[in-house]
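Each chain, written out:
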Amino acid sequence: VSDVPVGVLLSGGVDSALIAAMIAERDSGSTKTFTVGYDVGNVSELDQARRVARQLHTDHHELVMDQADVSRRVPAVLGVLDQPLADPAIIPLHAVCELARRQVTVVLAGEGADELFGGYPRYRWLIRSTQVKRILPERWAAVGARRLASLSLGSSVARLSDVLAPQPTLERHLDWVTAHRREARPALYGPRLQSLSYSSSALASLAPHVEGFAGELGADAFMQLDQRHWLPEDVLYKSDRAGMLNSLEVRAPYLGRSLAEFANSVRGPTHLAGGGKHLLREAVGQYLPHRAGSRRKTAFRVPGGEWLRGPLRPVLEDQLARGTLVNEGFIDRECMREAMAEHFGGRNRTSILWPVLACGLWLDRYAGRDR
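Now for a look at the structure at hand. Since the structure is predicted, the reported quantities are computational estimates derived from the model, not experimental observations. (Residues numbered from 1 in each chain as written. Predicted model: local features only at pLDDT ≥ 70, side-chain atom pairs only at ≥ 80, totals over all residues. Heavy atoms only, no water.)

### What to know about empty space enclosed by the protein
The gaps left among the atoms become clear once a water-sized probe is rolled over them.
(1) Moving on: On inspection of all chains with the given rule, the structure shows one cavity of 30 Å³ or more.
(2) Moving on: The space that makes up the largest cavity amounts to roughly 60 Å³.
(3) Moving on: Lining the largest cavity are D220, M223, Q224, Q227, A263, N264, V266, R267, G268 and H271.
(4) Moving on: Listing elements by their share of the lining of the largest cavity, those giving two or more residues are α12 (218-228), α14 (257-265) and α15 (268-272).
(5) Moving on: Per-element accounting of the lining of the largest cavity gives the leading share, four residues, to α12.
(6) Moving on: Of the residues assigned to the lining of the largest cavity, the class counts are three nonpolar, five polar and two charged. (1 Å grid on protein atoms, 1.4 Å probe; cavity = no way out; pocket = protein on both sides within 12 Å on 5 of 7 lines; lining within 4 Å. Points joined across faces, edges and corners; volume = space filled by probe spheres on them. Helix = DSSP H or I, 4+ residues; strand = E, 2+ residues; numbered from the N terminus. Nonpolar A, V, L, I, M, F, W, Y, C, P; charged D, E, K, R; others polar.)

### Things to note about the environment of L10
(1) Moving on: Checked against the element boundaries, L10 lands in the loop between β1 (6-9) and α1 (14-26).
(2) Moving on: Classification of L10 as buried rests on a relative accessible area of 3%.
(3) Moving on: Residues L10 and H60, spaced 50 residues apart in sequence, show a C-alpha to C-alpha distance of 9.0 Å.
(4) Moving on: If we ignore the near neighbours within four places in the chain, the residues touching L10 are S16, A17, A20, T33, F34, T35, A49, V52, A53 and H60. (Buried < 20%, exposed > 50% of the residue type's maximum accessible area, 1.4 Å probe, protein only. Contact = heavy atoms within 4.5 Å.)

### Some details on the pattern of salt bridges
Oppositely charged side chains can form a pair if their charged atoms are brought close together.
(1) Moving on: Under the criterion given, the structure shown has 25 salt bridges.
(2) Moving on: Between D240 and R241 there is a salt bridge, and its shortest N-O distance comes to 2.8 Å.
(3) Moving on: Several salt bridges converge on common partners, so that one network encompasses D69, R72, R73, E98 and R102. (Salt bridge = Lys/Arg side-chain N within 4 Å of Asp/Glu carboxyl O.)

### Brief notes about the sheet that holds strand β5 (residues 249-251)
(1) Moving on: Taken in spatial order, the five strands of this open sheet run β3-β2-β1-β4-β5, and their pairing is parallel. Each of the sheet's edge strands pairs with one partner strand only, and the pair in question is β3 (59-65) and β5. Adjacent strand axes in the sheet meet at a mean angle of 30°, parallel and antiparallel pairs treated alike.
(2) Moving on: Sheet topology places β1 next to strand β4 (residues 106-108); three bridges connect them, and they run parallel. Residue pairing in the sheet places V8 in a bridge with L108 of β4.
(3) Moving on: Its contacts with the sheet put helix α4 (residues 90-101) on β1, β2 (32-38), β3, β4 and β5, and the angle it makes with β2 is roughly 140°. (Pairing = 2+ DSSP bridges. Axes fitted to C-alpha atoms, helices over the stretch in contact; angles between N-to-C directions.)

### Considerations on the pairing of β2
(1) Moving on: Burial within β2 is extensive, with six of its seven residues counted as buried.
(2) Moving on: Here β1 pairs with β2 via three bridges, running parallel. Bridge pairing in β2 places G7 opposite K32.
(3) Moving on: Sheet topology places β2 next to β3; seven bridges connect them, and they run parallel. Its bridge partner being in β3, V36 is matched across the sheet by L63.
(4) Moving on: Read from β2 through helix α2 (residues 46-56) to β3, the crossover connection turns out right-handed. (Right-handed = clockwise from strand over helix to strand, strands pointing away.)

### Description of the packing of helix α20 (residues 333-344) against helix α21 (residues 350-367)
(1) Moving on: With their axes 10 Å apart at the nearest point, α20 and α21 run at an angle of 125° to one another. In this view, α20 runs oblique relative to α21, as classed from their interaxial angle. For α20 against α21, the interelement crossing comes out left-handed. The residues of α21 that touch α20, namely those facing M336, A339, M340 and H343, are T350, L353 and V356.
(2) Moving on: In the contact of α20 with α21, the residues fall into five nonpolar, two polar and no charged. (Parallel < 35°, antiparallel > 145°, perpendicular 65-115°, else oblique. Left-handed = near helix turned anticlockwise from the far one by under 90°.)

### A few points about the packing of aromatic side chains
(1) Moving on: According to the stated counting rule, one finds five aromatic pairs in the structure shown.
(2) Moving on: Relative to Y254, the ring of F117 has its centre 6.2 Å away and its plane inclined at 70°; by these criteria the two rings are edge-to-face. You can see F117 sitting in helix α5 (residues 113-117) and its partner Y254 sitting in the loop between β5 and α14, a full 137 residues away along the chain.
(3) Moving on: For Y254, a relative accessible area of 5% gives the class buried.
(4) Moving on: Summarising the aromatic geometry, the rings of Y120 and Y123 are spaced 5.8 Å apart at their centres and angled 65° between planes, so their arrangement reads as edge-to-face.
(5) Moving on: With relative accessibility at 11%, the residue Y120 sits in the buried group.
(6) Moving on: Sitting above the plane of the Y120 ring, R122 keeps its charged end 4.3 Å from the centroid.
(7) Moving on: One cation-aromatic arrangement involves R122 over W230; the distance from NZ or CZ to the ring centre is 6.0 Å. (Phe/Tyr/Trp six-rings, centres within 6.5 Å; stacked < 30°, edge-to-face > 60°. Lys NZ or Arg CZ within 6 Å of the ring centre and 35° of its normal.)

Right under this line is the structure:
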């Protein structure tokens, strides 16, 4: 219910497709939907969103981010935030909010659905890791993990290697969420941060949220953990800033109190059935043919690796040469130089370089340094 025009941020996945379908059922033909895509990489959601928009007969609008837009938008957005954010998805989200603001002042989005309804694949993988512990001796699991890690057969095999590796489940969760960045800290941190290189304070702060859960119910614990940390500190922060920087209100209907309470009354195994978000997939089938909402969870992906090798390479090189983050000893210059050389040479080091770039651009603005 709104006194102003409302649109929907549409990715083509089940979360936004369900919202758009419910709105379109009430306002057939007048529902405005908005999607962003890219001119590089293979992670664009334009095709999926377009198919859903056609099925729903929405007034659909698309934006394709090109290299010039990326080189302009990334420093502008990351530098102006009130605190640094290492999630690259804020960039396309800012772009699609800018597109939507030309026609509406409020948009509905799917934030919260993954955390409440079991959308992240890592929940299912974490359950598998607890099952491995019960049935496979630790020594055999370690051998299997090493052999799989040596094969380099893709992300699924790498994740299976992680599952087999002997490691406390909470540590495994933290490493998956942060792309194993803990391992890079001793070499990457400069003298001003070296005392934090081996800190376990993050694990200590998360531990109370998962105590008392075991087996398949472990999924409930990590869904709750994400609702308390990942959701407010990344997902909602990102959507709020992306929207407000464009004077656009981004609303999250999945976080309505009654719906959130209902979702949390359902146990994890039910949410994770059928590849995750089982209840939402059942619901979307009432509005769309089943295939419209059956796409596997892929997250709001960004061609960050291509951007860092292309339009953002000069920005990254400037950070190495003159950035406050390096010059004031927060990040080790030689380690950053090596990571950049590896990335430009073809090895994907986005998980290291993007957070450094995001923090560096923010710190430069905070310190009053002009690029």
